[in-house]
Each structure stands twice: as structure tokens, then as C-alpha cells.
Amino acid sequence: MDNHTVYTMKDYQQGYTQIGEVLHCLYCDQTYRIGVVYPQDQDLLTAPLAMQAHLARVHQGALAALFAQGRESLGLAQAQFDILQLQAKGLTDTVIAQRMGISTSTVRNHRFKLREKERQATRFLAVLNNMHDGQKETLLPHPGATQLDERYDITPKEQQQILKNLMDEKGWISTWPSKEKRKLVLLAKLSEDFAPQKNYSEQAVNEILQQHVADYVTVRRYLIEYGFLQRTRDGRTYWV
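Throughout, residues of each chain are indexed from 1 in the direction in which the sequence is written. Whole-chain, interface and lining totals are the exception, using all residues; otherwise, since this is a predicted model, local features are given only for residues with pLDDT of at least 70 and side-chain atom pairs are given and counted only at 80 or more. Think of the side-chain values as coming from all heavy atoms in the structure, minus any hydrogens and water.

So, the overall build of the protein chain: which residues are in play, and what are the values?
Across its full length, the protein chain holds 11 helices and seven strands. Residue exposure (1.4 Å probe, protein chains only): buried if accessible area is under 20% of the type maximum, exposed if over 50%, otherwise partly exposed. Considering the protein chain as a whole, with its 240 residues, one finds that 32% of them fall into the buried category. Residue contacts are defined here by distance: any two heavy atoms, one from each residue, within 4.5 Å place the two residues in contact. For the protein chain, the share of sequence-separated contacts (at least 6 apart) that also reach a separation of at least 24 residues comes to 42%. All accessibility values rest on the Shrake-Rupley procedure with a 1.4 Å probe; residue burial counts only the protein chains present in the view. For the protein chain, the accessible surface area stands at approximately 15,900 Å², while carbon and sulfur atoms represent 50% of it. Secondary structure is summarised from DSSP: a helix means a run of H or I of at least four residues, a strand means a run of E of at least two, and numbering begins at the N terminus for each.

Before we move on, can you summarise the sheet that holds strand S3 (residues 31-33) with the specific residues and values?
Strand order in the open sheet formed by three strands is S1-S2-S3, and the pairing between neighbours is antiparallel. A single partner strand is all that each edge strand has here, and the edge strands are strand S1 (16-19) and S3. Along the sheet, successive strands turn relative to each other by an average axial angle of 25 degrees, direction set aside. Pairing between strand S2 (residues 22-25) and S3: three bridges, direction antiparallel. Among the inter-strand pairings, Val22 is bridged to a residue of S3, identified as Arg33. Only the contacting stretch of a helix is used when fitting its axis, a line to C-alpha atoms as for every element, and angles between N-to-C directions run 0 to 180 degrees. Here helix H2 (residues 47-59) sits on the sheet and contacts S1, S2 and S3; the angle it forms with S2, its principal contact strand, is near 10 degrees. When DSSP finds two or more bridges between a pair of strands, those strands are recorded as paired.

Any chance you could break down the pairing of S2 for me, citing the residues and the numbers?
Bridge count for S1 against S2 is four bridges, and the pairing is antiparallel. The partner of Tyr16 across the bridge, within S2, is Cys25. Here S1 hands over to S2 after two residues, with Gly20 in that stretch at a positive phi of 65 degrees. Connecting S2 to the next strand, S3, in antiparallel fashion are five residues.

In C-alpha cells:
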């Protein structure tokens, strides 16, 4: 298996990848061409069936072939790797514990950690798939966002256009928009003037906003309502 090639989840599950009209085994140099019939014993096999037969005969199947790559290839500790292999055989926690010389509760704890790894891997793959699919970038919701919906479906190009139309070169906003998407873009831009590591008094917030808008009181309220800024109940301290 070529460690420098990026294979898909489907490739690893089936044990081979397809390049053009040719199927390539991930674990050796065996190939089969789509459209060709391959004789085996008394049967005639298509390329996918021939590859499946090859994996079963030479590598003991796709799952065994993955295990054969070692625990490092899966990013697992030795105990987790051993438990996963025994779990793949359908063994119970009690039987696994007896074979490994550990307690059943230890087995359950390792299985819990393996499930968490599965959840992490799923989220990580979702990130990569979105990146590889070229999914359009959108306005990222800020940490304090009170509601995540289609208002955030704004591409970087749209954001730039909104800022160009509504904010002059000095950062002044003469007309505050009524449309939600435009409002969010401006609020996100204004929130960049506040450092996450600092606390601000109401006066300090006002002074920053007065550099951009005339009705700074309304915009300050928007920053709070939309979660761009937080504040104490008495309104004396503000922060991002």
C-alpha cells in the first residue's frame, strides 16, 4: 500500500481502489481490468469479484489487511488495537478480558475510548470532505451567535461586496441596512475592533463604535442581541 496516496473510506473498506478502468489492490501489485472476465476454478469472475477473491485468498479480507498494517496505521495504543481485533471477531467483553488478563471494566473503558475516536474521526472526515468538495466558504458563526441559520450563508465575495457598498474607506457606515445578512456582515466587521483578551466599559464601546456609525447606541444593542459582544447584567463591562 502506497503511504503517500490518499485513499477514500470506500477504498479502505473494500481493499482496493479504481484508477480509470483498472482495479488496484491496496496491499500488493495485483490489478484487474474492468470489462475483462477472469477464470477462477470453475467460475468466470468480473474484475470486482476477482479482486474480492484475491483479497480473501491472499490478504484474508479487507478487514484483516487493515489490521495487518499495525496499530500505528490506525493511531491506536496497543491495548486498544488488541481489543479492536478481538471485538472484530464478535467476542464479548468478558471473553476479551479473560484473554487479555484484564478486568471487564477495563475492556469497557477502552471500548468507550474507541467510540470517541470514531466520533472524532467522523467529524474530521466531514471537515476534509467539505474541503475536498470545494464547498463554498460562508460567514463563520461567531462564538456567541444566538441563532445559526441561512443568514450565515454568505460567501467571502458577497461579504466584500456588502462592505464595499455600505462602508467607506475610513470605515464609516452612513446607512444601516435592514436586511439581516447585510447587518450580520457589518456587525462581524465592527466586532473586529474589540480584542478578545480585553474587557471594555460602556463608554469605551461607544467610543469605538462612534468611529463607524452615528447611531452607536442602536448598533451596540445589535452587537449584544446577535451575540457579538457579551456584557454583565449591570452593563458596566463588555467583552467579545
